[in-house]
Amino acid sequence: MVSGIWCSSGSEPRLTGVAFAAKNPLIPTRNGVSPSCVVMPSPPKGLQPWATVLDYLSERVPAVSRSEWQERFARGEVLGEDGHALADTEAFRSGLRVYYYRYLADETPVPFEAHIVFEDDVLLVADKPHFLPVLPGGRFVQETLLVRLKRKTGIDTLSPVHRIDRETAGLVVLSKRPEDRAAYQALFRDRTVQKRYQAVARHDTSVAFPQTRMSHLSEDPTQFFRMIERTELPPNSETHIERLTANGDHALYGLTPVTGRRHQLRVHMAGLGLPLLGDQFYPKVARGSSAEDDFSTPLRLLAQGIAFDDPVTGRPRSFSSGMHLTWPDGSPATA
């Protein structure tokens with residue numbers, strides 16, 4: 001199998017290869033979407049190279065049909081390193097860098113808006129609604145927080161310094177300047193950020209709170225989009241949990257994660273016998289990861305607060321979400 005060398009975080013299916021940053025001042029974003037980039041590889045000895053760039057892309061990125069690639073060339077969406085549009089007859093050359101823009105013709109709109117809660121010269125903090133992914137990927141490109149914010153603000157250098165699940169609502173911190181990203185990302189990697197979540201789940205007086213849930217989380221070997229707790233392995237995740245208020249059969253919980261494992265809060269609450277209201281994955285799958293969303297049943301999980309010492313400005317930062325969760329009857333769930 002011949003490998004290309006991908007030089008961006010573009011979300012088309014990738015070849016195995018060495019990744020490089022795709023930053024090129026001659027290749028701007030379009031409609032909020034950053035370009036993807038691939039370097040034409042050297043064919044293995046004895047194999048005939050592709051005749052054109054179109055031939056290569058059609059074979060190596062089969063998720064996009066040859067006719068769709070031809071349409072992208074015709075629209076001027078496949079570019080050379082100097083920023084000029086390539087023709088679909090462009091000859092294949094090993095080492096040639098080719099840039100293109102990811103596009104989905106039938107992307108399902110997410111009918112909820114993100115709101116900017118804070119902005120200065122270095123940071124932008126947004127409240128993300130349920131169902132909206134943070135970054136492009138899979139079946140979402142335009143319907144993502146990052147692309148929407150780039151289009152709204154005109155800031156092409158925006159980049160999230162952490163992520164929350166597509167199903168989760170609440171705060172996402174984005175860096176404005178590329179030179180600052182590593183410092184902000186290190187905060188989350190080194191666990192020096194204080195994060196507060198709220199969740200709605202069943203009210204069970206037999207479960208004592210406050211408490212700390214610790215367990216070993218691993219990817220479910222039978223369903224890649226889920227995580228499971230493995231009692232035979234030492235803990236690698238930790239969450240502090242308290243019950244904030246009750247409303248009949250349901251309660252509002254405060255969750256403070258110490259670690260940041262995938263789906264950690266959802267798995268820990270399900271492990272207590274208190275799966276979050278609207279959770280489609282836990283304790284069992286009600287709707288698969290590729291199924292169409294039911295916008296009337298959001299996951300009741302909110303990234304409600306975040307605080308840290310800013311490594312760039314030196315100032316303490318603290319942000320609170322302006323959103324709230326709802327009880328099953330649709331009324332606000334507040335402490």
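Residues numbered from 1 in each chain as written. Predicted model: local features only at pLDDT ≥ 70, side-chain atom pairs only at ≥ 80, totals over all residues. Heavy atoms only, no water.

Draft legend 1. View of the overall build of the protein. Summing up its helical and strand segments, the protein has 5 helices and 18 strands in all. In summary, the protein has a C-alpha radius of gyration of 22 Å against a globular reference of 20 Å for 335 residues, a match within 12%. Expressed along its principal axes, the backbone C-alpha trace of the protein runs to roughly 70 × 45 × 40 Å. A buried classification covers 49% of the 335 residues belonging to the protein. Taking contacts inside the protein between residues at least 6 apart in sequence as the whole, the part at least 24 apart equals 63%. Surface accessibility of the protein: about 16100 Å² in total, with carbon and sulfur atoms responsible for 51%. (Helix = DSSP H or I, 4+ residues; strand = E, 2+ residues; numbered from the N terminus. Rg over C-alpha atoms; globule rule 2.2 N^0.38 Å. Buried < 20%, exposed > 50% of the residue type's maximum accessible area, 1.4 Å probe, protein only. Contact = heavy atoms within 4.5 Å. Areas by Shrake-Rupley, 256 points an atom, 1.4 Å probe, with all protein chains shown as cover.)

Draft legend 2. Looking closely at the confidence of the model for the protein. With 93% of its residues at a pLDDT of at least 70, the protein reaches an overall mean of 90. Ignoring residues within four places in sequence, the model shows residues 8-21, a span with pLDDT below 50, making 38 contacts including any to other chains. (pLDDT = per-residue confidence, 0-100.)

Draft legend 3. Representation of empty space enclosed by the protein. Evaluation of the coordinates by the stated rule reveals 2 cavities of 30 Å³ or more. Each pocket or cavity is described by its volume, and for the largest cavity that value is around 50 Å³. Considering the residues around the largest cavity, the lining is formed by His162, Ile164, Leu171, Lys195, Tyr197, Ala303, Gly305 and Ile306. Taken together, the elements giving at least two residues each to the lining of the largest cavity come down to strand S9 (194-202) and strand S15 (301-309). When residues of the lining of the largest cavity are assigned to their parent elements, the largest contribution, 3 residues, is made by S15. Its residues placed into classes, the lining of the largest cavity shows 5 nonpolar, 2 polar and 1 charged. In this structure, the second largest cavity encloses a volume near 40 Å³. Considering the residues around the second largest cavity, the lining is formed by Thr108, Val110, Arg139, Phe140, Glu292, Asp293 and Phe295. Counted by class, the lining of the second largest cavity contains 3 nonpolar, 1 polar and 3 charged residues. (1 Å grid on protein atoms, 1.4 Å probe; cavity = no way out; pocket = protein on both sides within 12 Å on 5 of 7 lines; lining within 4 Å. Points joined across faces, edges and corners; volume = space filled by probe spheres on them. Nonpolar A, V, L, I, M, F, W, Y, C, P; charged D, E, K, R; others polar.)

Draft legend 4. The side chain of serine 321, seen in detail. For serine 321, the location among the structural elements is in the loop between strand S16 (316-320) and strand S17 (325-326). For serine 321, a relative accessible area of 11% corresponds to the buried category. Among the polar contacts made by the side chain of serine 321, one reaches the side chain of aspartate 127 at a distance of 2.8 Å. Only 3.0 Å separates the side chain of serine 321 from the backbone nitrogen of methionine 323, close enough to count as a polar contact. (Polar contact = N/O pair within 3.5 Å; in protein donor to acceptor, adjacent residues only side chain to side chain.)

Draft legend 5. Representation of the pattern of salt bridges within the structure. Scanning the model with the defined rule gives 22 salt bridges in all. Glutamate 77 is the partner of arginine 75 in a salt bridge, and the nearest nitrogen-oxygen pair spans 2.9 Å. Here arginine 75 falls in the partly exposed class, since its relative accessible area comes to 40%. Across the pair glutamate 229 and arginine 213 runs a salt bridge, and its minimum N-O distance is 2.9 Å. Highlighted residues: glutamate 229 in strand S12 (residues 227-229) and arginine 213 in strand S10 (residues 211-215), separated in sequence by 16 residues. Overall, the relative accessible area of 26% leaves glutamate 229 in the partly exposed class. (Salt bridge = Lys/Arg side-chain N within 4 Å of Asp/Glu carboxyl O.)

Draft legend 6. Up close: helix H3 (residues 145-153). Within H3, burial applies to Leu145, Leu146, Val147, Arg148, Leu149 and Lys150. Packing partners of the buried residues in H3 comprise strand S5 (115-119), strand S6 (123-128), strand S7 (159-160) and strand S8 (169-175).

Draft legend 7. Region of interest: unusual backbone geometry. The residue after phenylalanine 209, namely proline 210, is reached through a cis peptide bond having omega 0°. Across the junction of tyrosine 282 and proline 283, the peptide omega takes the value 5°, indicating a cis bond. Following the sequence through the fold, proline 283 ends up in the loop between helix H5 (264-271) and S15. One non-glycine residue, asparagine 31, adopts positive backbone phi at about 55°. By the element assignment, asparagine 31 lies in the loop between strand S1 (5-6) and strand S2 (36-39). For histidine 263, which is not glycine, the phi torsion reads 55° and is therefore positive.

Draft legend 8. Representation of the packing of aromatic side chains within the structure. Tallying each qualifying case throughout the model produces 14 aromatic pairs. Seen from their ring centres, tryptophan 69 and tyrosine 100 are 5.1 Å apart, and the 80° between their planes marks the pair as edge-to-face. In this pair, tryptophan 69 sits in helix H2 (residues 66-74) while tyrosine 100 sits in strand S4 (residues 97-100), placing the two residues 31 residues apart along the sequence. Residue class for tyrosine 100 comes out buried when judged on its relative accessible area of 0%. When the ring of phenylalanine 308 is compared with that of phenylalanine 319, the centres are 6.3 Å apart and the planes differ by 55°; the resulting orientation is tilted. (Phe/Tyr/Trp six-rings, centres within 6.5 Å; stacked < 30°, edge-to-face > 60°.)

Draft legend 9. Summary view of the pairing of S15. With respect to burial, S15 is a largely interior element, 8 of its 9 residues being buried. Bridge count for S8 against S15 is 2 bridges, and the pairing is parallel. Bridge pairing in S15 places glycine 170 opposite alanine 303. Summarising the sheet, S9 and S15 pair through 6 bridges and their orientation is antiparallel. Considered in S15, the bridge of tyrosine 197 is made with alanine 303. Relative to S16, S15 runs antiparallel, the two sharing 5 bridges. The residue of S16 that forms the bridge with glycine 305 is serine 320. Connecting the antiparallel pair S15 and S16 is a turn made up of 6 residues, with glycine 314 showing a positive phi of about 80°. (Pairing = 2+ DSSP bridges.)

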